[in-house]
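Survey of secondary and tertiary structure
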Amino acid sequence: AEFAAADKRPEDAARLYITAAKAEKRADFAERAARLALSARNFGLAQEAADVWLAISPKDLNALQAQAFTLIVQGKKDEALVKLRSLLLVDSPEAAGLALNLVAAPDARGLAFELLQALKTEPKLLALPIERGLVPLSLRLKQNDLALELSQTRVQSEPENAKAWLWQGLAQIALDRQDDAAKSYAKALELDPKNVRLRLSYVQVLNRQKRFDEIDAVLKGAPEASEEIFQARIALVLAKRDLKPTAINKSLKRLAKEIERAEGLGLSNRQMLLGQIYELMDQPKTALEWYGAVSKGEAWPGAQLRIAIIQSENDLKAARTTLHALQNADAPEQALVDAYLLESELLAKAKQLDFAHASLTEALDRMPENTALLYARAMNAFAQDDISGLESDLKRVIEIDPENAQALNALGYSLLDRTARVDEATNYIQQAYLLDPKSSAIMDSLGWAYFKGGRLDQAVVQLRAAYEAEPEGEIAAHLIDALWALGAEPEARELMAESSKKFPESAPLKATIERLTRTPAINKSIPKKSP
């Protein structure tokens, strides 16, 4: 069996282990057989191994779990339910959780709904804390009506349980019943008023409905001062777009006075919040004083970053000096990464791309596996038309993080934009799309790849979906180009008129419209765009 496994013949190895398990009555042999068969995705063989395993060790929870799993993935609902109920009868605190994990497994999706419906009245599952029971699982599997039904039952049986009301609210949100969700959150917060996370979640529910006055009351009703609550209150002031700048400043000043008196926040948190408020009120000198007062500790790196941002408005050299001090300090790695990223961003903004490259290279000498730094250097290379450097850094990002959709899309679009390697570029973008199909940027890239490859029908479909997901000037430019090339000139002109009004400052859109209306010939050149 071991020779077969080493020779990458897991099914042969599993069969030999089953024979050995039966002969020697060895549960560990049967377990090994089951795992080998599962790795080969031969579920019938895995079931045979699990049966032997359970026969040798009838009280083994893992054996029962393996047996139930093999039945679920084979679609044997009735037999699977028998085993799941047997699992729930096991006298172990882990049993109920293991049963739910089986239903939630990706390979169980075909039976998940039926299994949930059959198990929703099982006492052992209903006895689990709601946050570990059937309601979260139902939401994860998009069974939102069932999640609401189960949470309502829990609310009725445990009306003083704040978590029951919270999960009812989450189920109502999933069903887009926002008003009902707000009432559930309000009740949950009434039962657990010191829960800051719950309070902020309630604020998000109210914010989706633009109920700003209620948000203000919820935030002011917090029994204890906290940085998160004050951050939310600052954000609320800024969200009230109907307020004039003078009214916003008055509200921020009132908040500043509250923060100064809120000793429970801790000195550094107070100083950071006050710096932020004065920065928002466009009083950089006062903001710098508050940020500068933050002593070395957890808040200090953030304060230094804010100082550098303010300094960069008038004195890039001073900003870099501040950032160099942070880069050379005994600070957490993420703070160092942020310092280098900010320095490179400020240098790029000042058109000093070589210095930005040098800063990022220094950072990567210290932290060579950091994907954020590699991505930033790749974008710097793109700005300098250094496609070789961009390609090298982005491929390294993908090597470290194969599911980095942003890097795959950037690499694909860059090759599409600056080289003739259309097929290769399209392949990268398609990989990104599989990882993040809802990203409008990736939809746009894929549509443009189809356009460059001459697949005009597919290009229009994809670009139209991207524009619907995120109406934006450059996406509109791409869609106009594709429609024009396809011969749908009237629709292209209609979109030109509409998008010109919406995005009058979009340079790619202006360039596309000018190019297409200047000459009847179809020009398939691509407007420059940073990935």
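Residues numbered from 1 in each chain as written. Predicted model: local features only at pLDDT ≥ 70, side-chain atom pairs only at ≥ 80, totals over all residues. Heavy atoms only, no water.

1. Some remarks on the overall build of the chain
The helix and strand tally for the chain stands at 32 helices and zero strands. C-alpha atoms of the chain, sized along the principal axes, occupy 80 × 65 × 55 Å. Counted over contacts in the chain with a minimum sequence separation of 6, partners at least 24 positions apart contribute 50%. When the 68 basic and 76 acidic side-chain charges of the chain are each reduced to a single mean position, those positions are 3 Å apart. (Helix = DSSP H or I, 4+ residues; strand = E, 2+ residues; numbered from the N terminus. Contact = heavy atoms within 4.5 Å. Lys, Arg positive; Asp, Glu negative; His and termini not counted. Charge placed at Lys NZ, Arg CZ, Asp CG, Glu CD.)

2. Looking at the confidence of the model for the chain
Averaged over all residues, the pLDDT of the chain equals 91, while 97% of them reach at least 70. Per-residue pLDDT stays below 50 along residues 521-531; that stretch engages in 39 contacts with residues further than four places along the chain or on separate chains. (pLDDT = per-residue confidence, 0-100.)

3. Regarding a positive patch on the surface
A cluster of like positive charges, contributed by K250, K253, R254, K257 and R261, occupies part of the molecular surface. The residue K250 is located in helix α17 (residues 245-261) in this model. Classification of K250 as exposed rests on a relative accessible area of 56%. (Patch = residues over 30% accessible without salt bridge, like charges linked within 9 Å, V, L, I, M, F, W, Y side chains within 5 Å. Areas by Shrake-Rupley, 256 points an atom, 1.4 Å probe, with all protein chains shown as cover. Salt bridge = Lys/Arg side-chain N within 4 Å of Asp/Glu carboxyl O. Buried < 20%, exposed > 50% of the residue type's maximum accessible area, 1.4 Å probe, protein only.)

4. A short note on the environment of R211
Looking at the secondary structure, you find R211 in the loop between α14 (196-208) and α15 (212-220). Sequence separation between R211 and A49 is 162 residues; the distance between their C-alpha atoms is 59 Å. Once you skip the residues sitting within four places of it in the chain, R211 turns out to touch D179, A182 and L206.

5. Remarks on the side chain of Q168
Mapped onto the fold, Q168 is located in helix α12 (residues 162-174). Q168 sits in the buried class, given a relative accessible area of 8%. Within the structure, the side chain of Q168 is placed 2.9 Å from the side chain of S184, a separation counted as a polar contact. Residue contacts for Q168: discarding those within four places in its chain leaves L148, S151, Q152, V155 and S184. (Polar contact = N/O pair within 3.5 Å; in protein donor to acceptor, adjacent residues only side chain to side chain.)

6. Describing the layout of surface pockets
Reported here for the largest pocket is a volume of approximately 200 Å³. Every residue lining the largest pocket is listed: D216, K220, R233, L236, V237, K240, L243, S251, R254, L255 and E258. Counting only elements with at least two residues in the lining of the largest pocket, the list comes to α15, α16 (227-239) and α17. Ranked by residue count, the leading element in the lining of the largest pocket is α17, at four residues. A per-class count over the lining of the largest pocket returns four nonpolar, one polar and six charged. (1 Å grid on protein atoms, 1.4 Å probe; cavity = no way out; pocket = protein on both sides within 12 Å on 5 of 7 lines; lining within 4 Å. Points joined across faces, edges and corners; volume = space filled by probe spheres on them. Nonpolar A, V, L, I, M, F, W, Y, C, P; charged D, E, K, R; others polar.)

7. Some points on the pattern of salt bridges
One pass over the full model with this rule turns up 31 salt bridges. One salt bridge connects R396 with E399, and the closest N-O pair in it is separated by 2.9 Å. Placement of the pair is R396 and E399 together in helix α25 (residues 387-400), with a separation of three residues, close to one helical turn. For R396, a relative accessible area of 24% corresponds to the partly exposed category. Its relative accessible area of 58% is what places E399 among the exposed residues. Salt bridges sharing common partners tie together D7, R9, D12 and R15.

8. Focus: the packing of helix α27 (residues 422-435) against helix α28 (residues 440-452)
With their axes 9 Å apart at the nearest point, α27 and α28 run at an angle of 155° to one another. The orientation of α27 with respect to α28, classified from their angle, is roughly antiparallel. For α27 against α28, the interelement crossing comes out left-handed. Across the interface between the two elements, V422, T426, I429, Q430, A432 and Y433 from α27 touch I442, M443, S445, L446, A449, Y450 and K452 from α28. (Axes fitted to C-alpha atoms, helices over the stretch in contact; angles between N-to-C directions. Parallel < 35°, antiparallel > 145°, perpendicular 65-115°, else oblique. Left-handed = near helix turned anticlockwise from the far one by under 90°.)

9. Observations regarding the nonpolar core
The biggest cluster of nonpolar side chains holds 100 residues, and the ones touching the most others in it are I277, L373, L390 and L394. For this core, the element with the highest residue contribution is helix α30 (residues 473-486), accounting for nine residues. Ignoring sequence-local partners within four residues, the contact set of L394 consists of Y375, A378, M379, A407, A410 and L411. In this structure, A50, L71, A112 and Y185 belong to the second largest nonpolar core, which totals 84 residues. (Core = buried A, V, L, I, M, F, W, Y, C linked by side-chain atoms within 4.5 Å.)

10. Focus: the side chain of Q178
As for its placement among the helices and strands, Q178 is situated in helix α13 (residues 178-191). Only 3.2 Å separates the side chain of Q178 from the side chain of D176, close enough to count as a polar contact. If we ignore the near neighbours within four places in the chain, the residues touching Q178 are I173, V205, R208 and Q209.

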